[in-house]
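Geometric and topological summary
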Amino acid sequence: AAGVMAWVPPAVAAVLGARTYYEAIGLSAQADDLDDIKVRRAYLKASVKVHPDKHPNVVEATAAFQKLSAAYEQLQTAAGRAEYAAVLRL
């Protein structure tokens, strides 16, 4: 029916509601032991939960997956994480 909000899986809603890329992929920006492998593992774990193929009738799943992809693109290297940290401090 028109005007009725469609159900959105909690994992998708969490990614879309995340304020930072770290929050989107389920990591803490303050973690001292972040490395490329931990970031990749967190990304893969999160992306499986929101993948559009898993939620074919949820339009928001595509947006959530794209946000995760952008987050991983930025956070996958130490240089990218440092660059993003500078952006967050603005």
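Residue positions are counted from 1 within each chain, in the order its sequence is given. Under the rules for a predicted model, residues below a pLDDT of 70 receive no local features and side-chain atom pairs below 80 are neither given nor counted, while totals for whole chains, interfaces and linings still include all residues. Heavy atoms from the whole structure form the basis of all side-chain values; hydrogens and water molecules are not counted.

Brief notes about the nonpolar core
Heads up, the condition is: Side-chain atoms within 4.5 Å are what join buried Ala, Val, Leu, Ile, Met, Phe, Trp, Tyr and Cys residues into a set we call a nonpolar core. Accessible area is worked out with a 1.4 Å probe on protein chains only. A residue is then buried under 20% of its type maximum, exposed over 50%, and partly exposed in between. The secondary structure listing takes helices from DSSP runs of H or I that are at least 4 residues long and strands from runs of E that are at least 2 residues long, numbered from the N terminus. Contacts were defined at the residue level, with two residues in contact if any of their heavy atoms lie within 4.5 Å.
Among the nonpolar cores identified, the biggest contains 19 residues, and Val15, Ile25, Val39, Val50, Leu68 and Leu75 are the most heavily contacted of them. Looking at this core, the elements that each hand over two or more residues are α1 (10–17), α2 (21–25), α3 (36–50) and α4 (59–75). Here this core takes six residues from α4, the largest share from any one element. Excluding anything up to four places from it in sequence, Val39 contacts Ile25, Leu27, Leu34, Tyr72, Leu75, Gln76 and Arg81.

Observations concerning the packing of aromatic side chains
Two numbers describe a pair of aromatic rings. These are the distance of the centres and the angle of the planes. Selection rule: Classification of ring pairs uses Phe, Tyr and Trp, with its six-membered ring standing for Trp, and accepts pairs whose centres are within 6.5 Å; under 30 degrees between planes counts as stacked, over 60 as edge-to-face, and the remaining range as tilted.
Counted by the stated rule, this structure contains three aromatic pairs. Judged by centre distance (5.0 Å) and plane angle (15°), the ring pair of Tyr21 and Tyr84 falls under stacked. One end of the pair, Tyr21, is in helix α2; the other, Tyr84, is in helix α5 (residues 78–88), with 63 residues separating them in the sequence. What makes Tyr84 buried here is its relative accessible area of 9%. Here Tyr22 and Tyr84 contribute two aromatic rings whose centre-to-centre distance is 5.9 Å and whose plane-to-plane angle is 50°, an arrangement assigned as tilted. In this pair, Tyr22 is assigned in helix α2 and Tyr84 in helix α5, connecting sequence segments 62 residues apart. Owing to a relative accessible area of 6%, Tyr22 belongs among the buried residues under this scheme. Three or more aromatic residues joined by ring pairs form one cluster here, namely Tyr21, Tyr22 and Tyr84.

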